[in-house]
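Notes for the structure review
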Amino acid sequence: WLADFSWHIQNGRRRKQAKTGKVLGEFCQFYEEQYGVALFNSVRYEIEGNGGPQSQLLHRKVPLEDRVIISGNLFQYVEENKKWRNRFSIVPHNYGLVLYENKLAYDRGIQPRIVLNSAGYKILTSLDQYLELVNSSLPGTAPKSGNAPILKCPTQFPLILWHPYSRHYYFCVMTGKEQDKWRAVFQDCVRHCNNGIPEDSKVEAPAFTDAVRMYRQSKEQYGTWDMLCGNEVQVLSNLVMEELVPELKTMIGPKLKGKAQERQRLWIQISDAVYRLAYDQIKAHYDAVVTKCELERPRMESTIRTDMDQIITSKEHLASKIRAFVLPKAEICVRNHVQPYIPSILEALMIPTSQGFAEVREVFFKEVTDMNMNVINESGMEKLGEYMEKLSQLAFHPVKMQSCYEKMDQLKLEGLQQRFDVSSASVFKQRAEILMRQQMDDAVHTFGTLLHQELAKMLGKEELCKSIQRILERVLKKFDYDSSTVRKKFFREALLQITIPFLLKKLAPTCKAELPKFQELIFEDFDSFILVENTYEEVVLQSVMKDIMQAVKEAAVQRKHNLYRDSMVMHNSDPNLHLLGEGLPIDWGEEFGSQPDSDPSAEKRRRARQVVSVLHDDEGVLPYEAGAEVLMHQVSQEEPGSEELEACPALVSSGSPDSVQGIRGMLAEEGPGSLEHSAQHDASSPSLANPGVEEQEDKPAVPATSVQPPALTVASLLAEEGAEINHHKPNDKETGEEVSTQAHAEKVEPAHAGTTENSEGVQTQF
């Protein structure tokens, strides 16, 4: 059976290579075509400058520089040895989840165990939710509900990161409050990582997303797609796996034998291994295509700038011919199948979104008001720097922003999803939440900039409080205007995302076959910048755009949504404000700290070794020793042979997980030689030649009474014939998840300002 199963895995590997090559070949053709169109649109926009209303709030490009979102301890389930291990966890400014062996390993600059890009993951807080998703993705007949779970959690507060194709991660904490906190943090990570295609890229980003859309439409797949998340290579990997997984299930599913939990584990490993292999193949191919387009860009851009007028004229001529053919059919389709539903779709979008932005305004108002009261009641200017330092990171505080994001949970599109082929509302929820966070940060940054200017007047306590109140009122007016502008744009874009794919699908049987005849209307010199398919979609968009604009305009009249009318234009009341925003970032802690350091260089070195956390990890967390003892007691109640928990012995210093003596005791408990490795590093400090090559989890102890046969591993089954088999996990660096070699056998330079990228050579890919 093993030999037969191995043959099927090898066959699956060959099938993966063939499928990946086929998908990439078709996609890259779409990408090269869309690249020319996107470049033309970018240059035209640059020349014509058709910008929208000017933002009233300031925007900062790098709001989280040298910051860490959260740091603290998590219990992680290690699949290789079926043990729960305590890990020191950090989420830096790039939102990659970083797991260290312990706090001492982080302080010493030792390479982390794992750096995970969480794009595409879902955060689950119960084993029942997790098992439901796992069973639904398992090939063949779903296991019965009474079967043993895939793992046992030693506490009642699990946190599981589930991905449809990649590896799953299992964590747990001690209290419900900790679970809520880490869940909010993980959701922030997923939200940020899902938005992995940079929006400031005016050519590559639209070319990529349009190419993905065109590819899926060529396969008769219209509508929104939940797995358009992560960076470009991750999105393409999802695209390949979407087509490959059904074939793998058909081929491998009948060969999966054994108990339900074993079949679940093996299928997850197979899917993850195939996903990583596909990722490697895609990355090399995609990078080559991008390089090819970039080399062609100077020549193409020169042609565009020289012949801009002729290209525009040629495109308008093509559009007029397509419009005459398509528009009558499109208008009938809009009138009968789309127009009656626009108000209900808009209402479903507006209610939770407007409530979310109203909550952003309320949270901002409350935080500034509380700060103002503290300034009055305490020491005035002496504490202002500390308060403003916290306020400046409000938009990135997952717990404080959670009440804003939760408003979007009300977004329901039942009844509309099936009609308009909307897979789920998650695409719109995530976009609205990102906009909320951006608006909060813009408001905080504008408030800080105006207050910093006011502080130059050397105000007393009463004058300072009055100034804070005046500035708050000014910023809230600007926020209301920008919030209205952002929401109206979001509503229009969401309505287009819902209705346009539906119209294209409806019109395809009567219009798609006739489009090739319009190709002859395009001059050969301009066919890299004008595509019949894109022009056809623009005509379809125009057929419904008038109704969408009118619906949003009418909604703005209703006071309940707090939207400004389109005729309301707020001119720049602070002409010098944007000039202030171009200055150097304000370091409130350094400039207004109560105790300035006499040696700035020493302070900088000190801060480089510590965690500068926006969300402090001391809010209602159980003592480290107590938590470990509770976990040990719970696991000891399990039947023999179940999962083990690595627990730290009671530390000498009360309740401190960072105690050096306590950590050394924990390392000693983990196994002989751990401290010897650390001592060797203290003496030699070798540089890390190739970080993130493989994950070296502690191996389970082999019982002396029995010898287990070698386990069947996916790595061995997927290895090339005749190649040396590596029994460690495959290289995770390219998938945005990076893992270490021996975590306490390598040492690098200390991390700078709480981050892990520059000093350790380890960086989550975004």
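A few points on the structure. (Residues numbered from 1 in each chain as written. Predicted model: local features only at pLDDT ≥ 70, side-chain atom pairs only at ≥ 80, totals over all residues. Heavy atoms only, no water.)

Across its full length, the protein holds 23 helices and 10 strands. In the protein, which comprises 766 residues, the proportion classed as buried is 51%. Contacts in the protein between residues at least 24 apart in sequence constitute 81% of all its contacts with a sequence separation of at least 6. Surface accessibility of the protein: about 35800 Å² in total, with carbon and sulfur atoms responsible for 52%. (Helix = DSSP H or I, 4+ residues; strand = E, 2+ residues; numbered from the N terminus. Buried < 20%, exposed > 50% of the residue type's maximum accessible area, 1.4 Å probe, protein only. Contact = heavy atoms within 4.5 Å. Areas by Shrake-Rupley, 256 points an atom, 1.4 Å probe, with all protein chains shown as cover.)

On to the pairing of strand E7 (residues 169-172), then. Of the two faces of E7, the one lined by Tyr169 and Phe171 and the one lined by Tyr170 and Cys172 are each fully buried. Across 2 bridges, strand E1 (residues 68-78) lies against E7 in antiparallel orientation. Its bridge partner being in E7, Phe75 is matched across the sheet by Cys172. One ladder, built from 4 bridges, connects strand E6 (residues 158-162) with E7; its direction is antiparallel. Bridged to Leu159 within E7 is Phe171. Taking the residues between adjacent antiparallel strands as the criterion, E6 and E7 are bridged by 6 residues. (Pairing = 2+ DSSP bridges.)

Right, let's talk about the environment of Val368 for a bit. Topologically, Val368 is positioned in helix H9 (residues 342-377). Spatially, the C-alpha atoms of Val368 and Ile468 are 8.1 Å apart, while their sequence positions differ by 100 residues. Other than its neighbours up to four places away in sequence, Val368 contacts Leu391, Phe447, Ile468 and Leu472.

All told, the structure shown has 20 aromatic pairs when counted by the stated rule. An angle of 85 degrees between the planes, with centres 6.1 Å apart, marks the rings of Phe523 and Phe526 as edge-to-face. A relative accessible area of 8% places Phe526 in the buried class. Taken together, Phe27, Tyr31, Tyr35, Phe208 and Tyr286 form an aromatic cluster joined through their ring pairs. Against the face of Tyr405 rests Arg191, its NZ or CZ located 3.9 Å from the ring centre. Its end group placed over the ring of Phe325, Lys517 keeps NZ or CZ at 5.2 Å from the ring centre. (Phe/Tyr/Trp six-rings, centres within 6.5 Å; stacked < 30°, edge-to-face > 60°. Lys NZ or Arg CZ within 6 Å of the ring centre and 35° of its normal.)

Right, let's talk about empty space enclosed by the protein for a bit. Tallied over the entire structure, the rule returns 9 cavities of 30 Å³ or more. The computed volume of the second largest cavity comes to approximately 70 Å³. Along its surface, the second largest cavity is lined by 13 residues, and Ser137, Pro164, His168, Trp267 and Ile268 are the ones closest to its centre. At the level of elements, helix H3 (127-137) and helix H7 (260-306) are the ones that each hand at least two residues to the lining of the second largest cavity. The element contributing the most residues to the lining of the second largest cavity is H7, with 4 residues. Across the lining of the second largest cavity, the residue classes tally to 7 nonpolar, 6 polar and no charged. (1 Å grid on protein atoms, 1.4 Å probe; cavity = no way out; pocket = protein on both sides within 12 Å on 5 of 7 lines; lining within 4 Å. Points joined across faces, edges and corners; volume = space filled by probe spheres on them. Nonpolar A, V, L, I, M, F, W, Y, C, P; charged D, E, K, R; others polar.)

Time to look at the side chain of Asn231. Relative to the helices and strands, Asn231 is located in the loop between helix H5 (204-218) and helix H6 (232-252). For Asn231, a relative accessible area of 8% puts it in the buried group. Among the polar contacts made by the side chain of Asn231, one reaches the main-chain amide nitrogen of Val233 at a distance of 3.2 Å. (Polar contact = N/O pair within 3.5 Å; in protein donor to acceptor, adjacent residues only side chain to side chain.)

So, on to helix H4 (residues 176-194). Residues lying three or four places apart along an α-helix face the same way, a consequence of the helix completing one turn every 3.6 residues. The end-to-end C-alpha distance of H4, which contains 19 residues, comes to 26 Å, matching closely the 27 Å that a straight helix rising 1.5 Å per residue would cover. Counting buried positions over the 19 residues of H4 gives 14, a clear majority of the element. (Expected span 1.5 Å × (residues − 1).)

As enumerated under the stated definition, the model contains 35 salt bridges in all. Put simply, Arg167 and Glu79 hold a salt bridge, and the shortest N to O gap is 3.4 Å. Pair noted here: Arg167 is in the loop between E6 and E7 and Glu79 is in the loop between E1 and strand E2 (83-92), with a separation of 88 residues, a long-range link. With relative accessibility at 3%, the residue Arg167 sits in the buried group. For Lys400, the salt bridge identified is with Glu367, shortest N-O distance 3.6 Å. With Lys400 in helix H11 (residues 398-405) and Glu367 in helix H9, this pair connects stretches of sequence that are 33 residues apart. Look at Lys400 and you get partly exposed, because its relative accessible area is 34%. Beyond isolated ion pairs, a larger network of salt bridges with shared partners links Glu46, Glu204, Arg297, Glu301 and Arg305. (Salt bridge = Lys/Arg side-chain N within 4 Å of Asp/Glu carboxyl O.)

Of note, Gln264 is situated in helix H7. C-alpha of Gln264 to C-alpha of Ile150: the two residues are 114 residues apart in sequence and 7.2 Å apart in space.

Two elements in contact, H11 and helix H13 (residues 426-454), have axes separated by 10 Å at closest approach and are oriented at 125 degrees. As summarised for this structure, H11 and H13 are arranged oblique, according to the angle between their axes. In the packing of H11 onto H13, the handedness of the crossing is right-handed. Contact with H11, carried on its side by Met401, Cys404 and Tyr405, involves Glu433, Met436, Arg437 and Met440 of H13 and no other residues of that element. In terms of residue class, the contact of H11 with H13 is built from 5 nonpolar, no polar and 2 charged. (Axes fitted to C-alpha atoms, helices over the stretch in contact; angles between N-to-C directions. Parallel < 35°, antiparallel > 145°, perpendicular 65-115°, else oblique. Left-handed = near helix turned anticlockwise from the far one by under 90°.)

Most of E2 sits out of view: 10 of its 10 residues are buried. Here E1 pairs with E2 via 10 bridges, running antiparallel. Paired with Ile70 across the two strands is Val91, which belongs to E2. The loop that links E1 with its antiparallel partner E2 comprises 4 residues; one of these, Lys82, has a positive phi angle of about 55 degrees. Between the end of E2 and the start of strand E3 (residues 97-100), which pair antiparallel, lie 4 residues, with Tyr95 showing a positive phi angle near 65 degrees.

Glancing now at the nonpolar core. Membership of the largest hydrophobic core comes to 163 residues, with the highest contact counts inside it found for Tyr31, Phe364 and Phe447. Broken down by element, the residue count for this core peaks at 21 residues, all from helix H14 (residues 461-511). Counting 16 residues, the second largest nonpolar core, distinct from the first, contains Phe75, Trp84, Cys153 and Met174. (Core = buried A, V, L, I, M, F, W, Y, C linked by side-chain atoms within 4.5 Å.)

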